[in-house]
Amino acid sequence: MASSRPKKFNSSFVKKFNFKDNRFKLQPDRKGFLCTCSFGEKDCQKEAINLLREYSEEKDNLLEDNTGTVEESTDIMDSMDNELQNLSNKDNSDWKKFTPLATGVGNCLFIGTTIEDPCELMYKILEDIENTKVQKTKFLLRMIPISITCKANLQSITTAFIDLFAKHFSSEPTTFAIMFNHRYNNSVKRDQIINELANQVASLGEHSVDLSGGAKKTIIVEVVKSVCCLSVVENYRRFCKFNLLSVCGRPEKRTAEGENGDSESSGSSPKVKKQEDEQVNTEETEKEHCESIEREKEIP
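Residues numbered from 1 in each chain as written. Predicted model: local features only at pLDDT ≥ 70, side-chain atom pairs only at ≥ 80, totals over all residues. Heavy atoms only, no water.

Identification of the protein chain as THUMP domain-containing protein 1 from Sipha flava is taken from an unreviewed UniProt entry. UniProt lists a comment for the protein chain under the heading Sequence similarities (unreviewed entry), and it reads "Belongs to the THUMPD1 family." (UniProt positions renumbered as here; feature names shortened; annotations may be inferred.)

Asks: What is the right way to read the nonpolar core from this model?
Replies: Buried together is how nonpolar side chains tend to be arranged in soluble globular proteins. With 43 residues, the main nonpolar core has Phe 33 and Met 143 as its most contacted residues. A total of seven residues in this core trace back to one element, the largest contributor, which is helix α4 (residues 118-132). If sequence neighbours within four positions are ignored, Met 143 has contacts with Phe 33, Leu 34, Cys 35, Ala 48, Leu 51, Leu 52, Met 122 and Phe 242. (Core = buried A, V, L, I, M, F, W, Y, C linked by side-chain atoms within 4.5 Å. Buried < 20%, exposed > 50% of the residue type's maximum accessible area, 1.4 Å probe, protein only. Helix = DSSP H or I, 4+ residues; strand = E, 2+ residues; numbered from the N terminus. Contact = heavy atoms within 4.5 Å.)

Asks: Got a minute to help me understand helix α5 (residues 154-168) in this structure?
Replies: Because each turn of an α-helix spans 3.6 residues, side chains separated by three or four positions end up pointing in the same direction. The first and last C-alpha atoms of α5 sit 21 Å apart over 15 residues, in line with the 21 Å expected at 1.5 Å per residue. At Ile 162, α5 shows its largest kink, close to 35°. Among the residues of α5, Ile 157, Thr 158, Ala 160, Phe 161, Leu 164, Phe 165 and His 168 are the ones counted as buried. (Expected span 1.5 Å × (residues − 1). Bend = angle between axes of the 7 residues up to and from the residue.)

Asks: Sorry if this is basic, but what is going on with the pairing of strand β3 (residues 108-113) here?
Replies: Here is the key point about a regular strand: its side chains alternate between the two faces of the sheet. Buried residues dominate β3, accounting for six of its six residues. Of the two faces of β3, both are covered, the one formed by Cys 108, Phe 110 and Gly 112 as well as the one formed by Leu 109, Ile 111 and Thr 113. Relative to β3, strand β1 (residues 32-37) is paired through five bridges, and the arrangement is antiparallel. Paired with Gly 32 across the two strands is Gly 112, which belongs to β3. When strand β2 (residues 98-101) meets β3, the two strands line up antiparallel, connected through four bridges. Bridging across to β3, Pro 100 finds its partner in Ile 111. (Pairing = 2+ DSSP bridges.)

Asks: Quick question: what am I supposed to make of the packing of α5 against helix α6 (residues 190-202) here?
Replies: Where α5 meets α6, the closest approach of the two axes is 11 Å, and the angle between their N-to-C directions is 30°. Here α5 is positioned roughly parallel relative to α6, judged by the angle of their axes. Handedness of the α5/α6 crossing: right-handed. Across the interface between the two elements, Leu 154, Ile 157, Thr 158, Phe 161, Ile 162 and Phe 165 from α5 touch Gln 192, Ile 193, Glu 196, Leu 197, Gln 200 and Val 201 from α6. (Axes fitted to C-alpha atoms, helices over the stretch in contact; angles between N-to-C directions. Parallel < 35°, antiparallel > 145°, perpendicular 65-115°, else oblique. Left-handed = near helix turned anticlockwise from the far one by under 90°.)

Asks: Teacher, can you tell me more about the sheet that holds strand β4 (residues 140-146) here?
Replies: Within a sheet, each strand pairs with its neighbour through backbone hydrogen bonds, oriented either parallel or antiparallel. As summarised here, the arrangement of the four strands in space is β2-β3-β1-β4, forming an open sheet in which the pairing is antiparallel. Single-partner strands in this sheet number two, and they are β2 and β4. Here the average twist between neighbouring strands, direction ignored, is 25°.

Asks: Explanation requested: the side chain of Thr 137 in the structure shown.
Replies: Among the secondary structure elements, Thr 137 is positioned in the loop between α4 and β4. From its side chain, Thr 137 meets the backbone oxygen of Leu 140 in a polar contact 2.9 Å long. The residues contacting Thr 137, other than those within four sequence positions of it, are Glu 47, Leu 51, Leu 244 and Leu 245. (Polar contact = N/O pair within 3.5 Å; in protein donor to acceptor, adjacent residues only side chain to side chain.)

Asks: Quick question: what am I supposed to make of the packing of aromatic side chains here?
Replies: Both the distance between ring centres and the angle between the ring planes are used here to describe each pair of aromatic rings. Tallying each qualifying case throughout the model produces six aromatic pairs. Each ring, one from Phe 165 and one from Phe 169, has its centre 5.5 Å from the other, and the planes form 80°; the classification is edge-to-face. Across the pair, exposure class does not vary: Phe 165 and Phe 169 are buried alike. Judged by centre distance (5.9 Å) and plane angle (75°), the rings of Phe 169 and Phe 176 are edge-to-face. For the residue pair Phe 169 and Phe 176, the accessibility class agrees, reading buried in each case. Members of the aromatic cluster, joined through ring pairs, are Phe 161, Phe 165, Phe 169 and Phe 176. (Phe/Tyr/Trp six-rings, centres within 6.5 Å; stacked < 30°, edge-to-face > 60°.)

Laid out in structure tokens, this is it:
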């Protein structure tokens, strides 16, 4: 008869499993890009990583060109080995440069990065899309650069913003606005965070709040479950809240609105003009018909 002994619980396996799982979760003290989409999270993740790699490689190539030339090798085999080694190192660095991290929220992704300033790379992408009017993504909608992440509580948020505020608000007076958004978290109060951050910025200089949409700097506070994503960005309204599709299609919408406005100001549309011409023609024919009838009556 088989004995019904309880199976031993392997705690080391659970710790190892949790460690592997937590490596790819969004945690504090990270920087990167917060991405959102309407559907197709996997496709959105691929588009985001490919887009970031494309523009980061252009920047790396420019830096390599400015650093100088590499010493020429006389041996062909040595040169081939060096090229293979450089390619392998480049592939490993690219893999570590942008890593997807799970947020636990649907249609919301986070791409962790090791570059120094995510905002600089994001400005480069948006300016290129704005100038070329070329749609770069299909599933990816918004991509917000995040300078640092912290725990979702008031003390951690204010502490994490000390270095960011010293970098962006320590010089000349400027205007600012605060954008707060939360997902799957109701413990962080919006009014409390906004008041605390506004007082913290006001203590650094004569900075003023601008809620009309023309603020030079925008403070981003994105709460995702138990993690808060923080950043200070510029041209928030100009880049349509970092919506890639809106940045690409905004000039076309403006031209369409301008054409509609010109047509309305100049007069009626061609269809209305055609109807007016037909109405005038019918009135003229009726008038001629009435005149002919009167002439027939006058003739004896």
